[in-house]
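Read off the chains here:
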Amino acid sequence: MIYEPKPNKGTLWPNDYKTDEKHPDWKGDIFLDQALLRRLLNGEPLLKLSVSGWDNTSGAKRRISIQASEPFKPAQSPRPAQSSPPPMDDEDIPF
């Protein structure tokens, strides 16, 4: 079966070639689609991606499945129009 990469997903595998404590514990790839990159590239000098990961096993080997997405931005709810209190009438005054 041929592996077909899925957009914005990837896998991290244990680094079997780690020989120094400065080497990464996990290595892998992620396949980013152009649509996601276009949405993220807005002229900023730094590009921020949100990354999620899930523990999995493939045979006897542990792996982490990862997914990239745009950073979460809370929805901007429109502010309700401030209403002014109704004008007071002299009849509303008890004295």
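Everything discussed here concerns the structure shown above.
Remember, it's a predicted structure, so these values are computed and weren't measured experimentally. (Residues numbered from 1 in each chain as written. Predicted model: local features only at pLDDT ≥ 70, side-chain atom pairs only at ≥ 80, totals over all residues. Heavy atoms only, no water.)

A.B. asks: How should I be thinking about the overall build of the protein in this particular structure?
C.D. replies: The helix and strand tally for the protein stands at one helix and four strands. Helices and strands in the protein line up, N terminus first, as β-β-α-β-β. Across the protein, the fraction of contacts at a sequence separation of at least 24, relative to all contacts at a separation of at least 6, is 42%. Accessible surface, the protein as shown: approximately 9,000 Å² in total, 53% of it carbon and sulfur. (Helix = DSSP H or I, 4+ residues; strand = E, 2+ residues; numbered from the N terminus. Contact = heavy atoms within 4.5 Å. Areas by Shrake-Rupley, 256 points an atom, 1.4 Å probe, with all protein chains shown as cover.)

A.B. asks: Can you walk me through the pairing of strand β3 (residues 50-58) in this structure?
C.D. replies: Within a regular beta strand, the side chains point alternately toward one face of the sheet and then the other, so they alternate between its two faces. Bridge count for β3 against strand β4 (residues 61-69) is nine bridges, and the pairing is antiparallel. The residue of β4 that forms the bridge with Ser52 is Gln67. Where β3 folds back onto β4 in an antiparallel hairpin, the turn is made up of two residues, including Gly59, whose phi is positive at roughly 70 degrees. (Pairing = 2+ DSSP bridges.)

A.B. asks: Honestly, the pairing of strand β1 (residues 9-14) in this entry has me stumped. Any pointers?
C.D. replies: Taken together, the six bridges between β1 and strand β2 (residues 26-31) define a ladder with antiparallel strand orientation. Residue pairing in the sheet places Gly10 in a bridge with Ile30 of β2. Inspection of the sheet shows β1 paired to β4 by four bridges, in the antiparallel sense. Considered in β4, the bridge of Leu12 is made with Ile64.

A.B. asks: Would you mind going over the layout of surface pockets with me for this structure?
C.D. replies: Picture a little ball the size of a water molecule; that probe, rolled over the atoms, points out where space is still empty. Roughly 390 Å³ of internal volume is contained in the largest pocket. Surrounding the largest pocket, 15 residues form its lining, Tyr3, Lys6, Thr11, Arg63 and Ser65 being those nearest its centre. When residues of the lining of the largest pocket are traced back to their parent elements, those giving at least two are β1, β3 and β4. Residues that form the lining of the largest pocket fall into these classes: six nonpolar, five polar and four charged. Reported here for the second largest pocket is a volume of approximately 170 Å³. Arg39, Leu40, Asn42, Glu44, Leu46, Leu47, Lys48, Glu70, Pro71 and Lys73 together form the lining of the second largest pocket. Looking at side-chain class alone, the lining of the second largest pocket contains four nonpolar, one polar and five charged residues. (1 Å grid on protein atoms, 1.4 Å probe; cavity = no way out; pocket = protein on both sides within 12 Å on 5 of 7 lines; lining within 4 Å. Points joined across faces, edges and corners; volume = space filled by probe spheres on them. Nonpolar A, V, L, I, M, F, W, Y, C, P; charged D, E, K, R; others polar.)

A.B. asks: Sorry, what's going on with unusual backbone geometry here?
C.D. replies: At Asn8, a residue that is not glycine, the phi angle is positive and equals roughly 65 degrees. Mapped onto the elements of the fold, Asn8 is located in the segment before β1. Taking relative accessible area as the criterion, Asn8 reaches 12% and is therefore assigned buried. (Buried < 20%, exposed > 50% of the residue type's maximum accessible area, 1.4 Å probe, protein only.)

A.B. asks: What is the right way to look at the pattern of salt bridges in this model?
C.D. replies: A side chain with one charge may pair with a side chain of the opposite charge, provided their charged atoms come close. The full count for this structure, using the stated rule, is four salt bridges. The partner of Lys61 in a salt bridge is Asp16, and the shortest N-O contact between them spans 2.8 Å. Residue Lys61 is located in strand β4, and its partner Asp16 is located in the loop between β1 and β2; the two are separated by 45 residues in the primary sequence. Residue classification places Lys61 among the partly exposed residues on the basis of a relative accessible area of 33%. Looking at Asp16, the relative accessible area reads 53%, which means it is exposed. Its salt-bridge partner being Arg39, residue Glu70 comes within 2.4 Å of it at the nearest N-O pair. Taken together, the residues span a long stretch of sequence, with Glu70 in the segment after β4 and Arg39 in helix α1 (residues 34-40) at a distance of 31 residues. (Salt bridge = Lys/Arg side-chain N within 4 Å of Asp/Glu carboxyl O.)

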